[in-house]
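# Results of the structural survey
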Amino acid sequence: MRIIKAKDYADMSKKAAAIIAAQITMKPDCVLGLATGSTPEGLYAELVKMYEAGELDFSNVQSVNLDEYKGLPRDNDQSYYYFMNHHLFSHVNIDKANTNLPDGTIEDSEEACAQYNAILDSFGGADIQLLGIGHNGHIGFNEPADTFELLTHCVDLQESTIKANQRFFASYDDVPKQAYTMGIKNIMDAKMVLLVANGEGKADIVKEAFFGPVTPQVPASILQLHKNVVLVADEAALSKVEL
Ligand code: GLP
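Now for a look at the structure at hand.

So, how was this worked out
- Residues numbered from 1 in each chain as written.
- Predicted model: local features only at pLDDT ≥ 70, side-chain atom pairs only at ≥ 80, totals over all residues.
- Heavy atoms only, no water.
- Helix = DSSP H or I, 4+ residues; strand = E, 2+ residues; numbered from the N terminus.
- Salt bridge = Lys/Arg side-chain N within 4 Å of Asp/Glu carboxyl O.
- Buried < 20%, exposed > 50% of the residue type's maximum accessible area, 1.4 Å probe, protein only.
- 1 Å grid on protein atoms, 1.4 Å probe; cavity = no way out; pocket = protein on both sides within 12 Å on 5 of 7 lines; lining within 4 Å.
- Points joined across faces, edges and corners; volume = space filled by probe spheres on them.
- Nonpolar A, V, L, I, M, F, W, Y, C, P; charged D, E, K, R; others polar.
- Phe/Tyr/Trp six-rings, centres within 6.5 Å; stacked < 30°, edge-to-face > 60°.
- Lys NZ or Arg CZ within 6 Å of the ring centre and 35° of its normal.
- Axes fitted to C-alpha atoms, helices over the stretch in contact; angles between N-to-C directions.
- Parallel < 35°, antiparallel > 145°, perpendicular 65-115°, else oblique.
- Contact = heavy atoms within 4.5 Å.
- Expected span 1.5 Å × (residues − 1).
- Pairing = 2+ DSSP bridges.

## Quick word on the environment of K49
Tracing the backbone shows K49 in helix 2 (residues 41–52). C-alpha of K49 to C-alpha of A17: the two residues are 32 residues apart in sequence and 10 Å apart in space.

## Notes on the pattern of salt bridges
In total, this model carries eight salt bridges according to the counting rule given. One salt bridge in this structure joins K70 and E107, with 4.0 Å as the shortest N-O distance. One end of the pair, K70, is in the loop between strand 4 (67–69) and helix 3 (80–87); the other, E107, is in the loop between strand 5 (99–100) and helix 4 (109–123), and 37 residues separate them in sequence. K163 is the partner of E159 in a salt bridge, and the nearest nitrogen-oxygen pair spans 3.8 Å. Taken together, the positions of E159 and K163, both in helix 5 (residues 159–165) and four residues apart, correspond to about one turn of that helix. The class of E159 is partly exposed, set by a relative accessible area of 44%. Here the salt bridges do not stand alone but share partners, grouping K27, D127 and K191 into one network.

## With respect to the layout of surface pockets
Put simply, the largest pocket is a space of about 620 Å³. As for the largest pocket, its lining consists of 34 residues, of which T36, G37, S38, N165 and F168 are closest to the centre. Broken down by element, the residue count for the lining of the largest pocket peaks at five residues, all from helix 3. Classifying every residue of the lining of the largest pocket by side-chain character gives eleven nonpolar, 18 polar and five charged.

## Considering the packing of aromatic side chains
Inspection of the entire model under this criterion finds six aromatic pairs. Geometrically, the ring pair formed by Y51 and F58 is edge-to-face, given 6.3 Å between the ring centres and 70° between the ring planes. Since its relative accessible area comes to 25%, Y51 is described here as partly exposed. We classify F58 as buried; its relative accessible area is 0%. With a centroid separation of 4.9 Å and 45° between ring planes, the pair formed by Y69 and Y80 is classed as tilted. Of this pair, Y69 sits in strand 4 while Y80 sits in helix 3, and the two are eleven residues apart along the sequence. For Y80, a relative accessible area of 10% corresponds to the buried category. Aromatic ring contacts, followed pair by pair, group Y69, Y80, F141 and F169 into a single cluster. The cationic tip of K177 hangs over the ring face of Y172; the distance from NZ or CZ to the ring centre is 5.0 Å.

## Focus: the packing of helix 2 against helix 3
Contact geometry for helix 2 and helix 3: axes closest at 9 Å, N-to-C directions at 40°. Relative to helix 3, helix 2 is oriented oblique. Across from E41, Y44 and V48 in helix 2, the residues of helix 3 making contact are F83, M84 and H87. Taken together, the residues of the contact of helix 2 with helix 3 sort by class into four nonpolar, one polar and one charged.

## Focus: helix 2
With twelve residues, helix 2 ought to run about 16 Å at 1.5 Å a step, and its terminal C-alpha atoms sit 17 Å apart, in line with that. Of the residues making up helix 2, those classed as buried are G42, L43, Y44, E46, L47, V48 and M50. Where helix 2 is buried, its residues touch helix 1 (9–26), strand 2 (31–34), helix 3, strand 6 (128–131) and strand 9 (193–197).

## A word on the sheet that holds strand 5
The strand order across the open sheet built from seven strands is 1-10-9-6-2-3-5, with neighbouring strands paired in parallel fashion. Pairing within the sheet leaves two strands with one partner each, and these edge strands are strand 1 (2–6) and strand 5. Looking at chain direction, strand 9 and strand 10 (residues 229–234) are connected through five bridges and run parallel. For L195, the partnering residue across the bridge sits in strand 10 and is L231. Its contacts with the sheet place helix 1 against strand 1, strand 2, strand 6, strand 9 and strand 10, and it is angled at close to 155° to strand 10.

Right, here's the structure in full:
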């Protein structure tokens with residue numbers, strides 16, 4: 001695992017965007033595994049800037065997103081479909097037909113997950129998978145559990161996750177209670193994993209995930225077994241780790 005220490009959120013965003021930009025430059029038809037949440041927003045803004053400056057071409061890029069709330073229409077501004085368009089896809093020359101997210105509007109979980117697994121299978125793993133991390137160690141929406149779920153599945157979100165994401169919704173009741181997420185194997189199939197974390201609030205979980213035991217109770221800890229992981233985190237998120 002490589003750890004890249006950034007000064008602050010802006011620096012983390014720039015450094016992580018540079019890694020994704022290098023991937024697109026090296027392989028213009030790469031498969032980007034993308035993530036939502038507040039942490040990667042700055043990174044997407046940096047990628048948009050690079051595109052606008054003529055430094056990046058997304059025309060042959062394909063993408064797969066980690067997760068999506070179940071039951072939110074795609075035009076709901078809290079759906080991850082909306083998020084990706086708002087923060088990245090609408091601002092660059094990616095072909096929307098080449099972008100993929102689990103379809104949260106499909107009511108039948110089995111069908112939704114089978115459909116997304118088939119899409120992921122057709123790619124055989126992302127070239128680079130971007131991840132954030134939840135306070136409980138979740139990646140995508142893989143919540144702490146007794147076993148690692150391998151493939152795309154429907155999750156009952158934990159109380160702590162619903163509360164953490166409540167800030168984006170009008171009220172607790174408006175936060176969806178279920179989501180579709182890539183499973184751990186889908187994530188581990190990526191050739192490279194790039195995890196971004198910032199702020200003091202993530203310091204404990206960064207330490208636990210990357211330096212504690214590998215356990216499904218801390219889903220991100222599985223990344224210790226991946227052979228090409230880069231953690232880009234700011235000083236605050238790395239404050240509990242000795243480097
Ligand atoms: C959400 C997302 C994750 C994200 C995490 C952290 O629930 N499903 O993909 O990494 O929570 O979010 P944030 O970056 O806002 O702290």
